[in-house]
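Architecture and fold: a report
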Amino acid sequence: MRQTIRRWQQAGLGGLWDAPGRGVKPEWQEADWVYLEQCLQQEPRTYNSKQLAHKLAQERQVELSADRIRRILKKTRTAKLA
């Protein structure tokens, strides 16, 4: 509460909003996802989400959990069907 009052006293009404750049940054870029989609389409083998997470970490240095990859896959599949 004190911090909010101090921000208001120092910066006025604009001081009550969060500064830009705050919060969690995305861990992956759209190019990383395009890369995974190309791997799934071009390679003859099938991957599970743990294997995709490992492939992404090894080849693109992007750390995503298998659970997160599964959620993104589900979201993109749903969007493509609609």
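Here's a quick rundown of the structure. Computed from a predicted model, the values in this text were never measured in an experiment.

Some words on helix 3 (residues 49-60)
With 12 residues, helix 3 should cover 16 Å at 1.5 Å per step; its first-to-last C-alpha distance of 16 Å lies within 8% of that length. If you check which residues of helix 3 are buried, you get Ser49, Leu52, Ala53, Lys55 and Leu56. When helix 3 is viewed along its axis, its buried side chains cluster within an angular range of 165° and face the same direction. Opposite its buried face, helix 3 presents the exposed residues Lys50 and Gln58, each directed more than 90 degrees away. Taking the backbone nitrogen of Lys50 as reference, a side-chain oxygen 3.1 Å away marks Asn48 as the first, capping residue of helix 3.

The rules behind the values
Note that residues are indexed from 1 along each chain, following the sequence as it is written. For a predicted model such as this one, the threshold for reporting local features is a pLDDT of at least 70, and the threshold for listing and counting side-chain atom pairs is 80 or more; totals across whole chains, interfaces and linings nevertheless cover every residue. Excluded from the side-chain calculation are hydrogens and water; included are all heavy atoms of the structure. Here a helix means four or more residues in a row that DSSP labels H or I, a strand means two or more in a row labelled E, and each is numbered from the N terminus. How far a helix is expected to stretch is found by multiplying one less than its residue total by 1.5 Å. Think of it in three bands: with a 1.4 Å probe and only protein chains considered, a residue is buried below 20% of the maximum accessible area for its type, exposed above 50%, and partly exposed in between. An arc is given here, and it is the one of the directions from the helix axis to the C-beta atoms. Whenever a nitrogen or oxygen atom comes within 3.5 Å of another N or O atom, the pair is scored as a polar contact, on the condition that within protein one atom can donate a hydrogen and the other can accept it, and that pairs from neighbouring residues in sequence are kept only if both atoms are in side chains.

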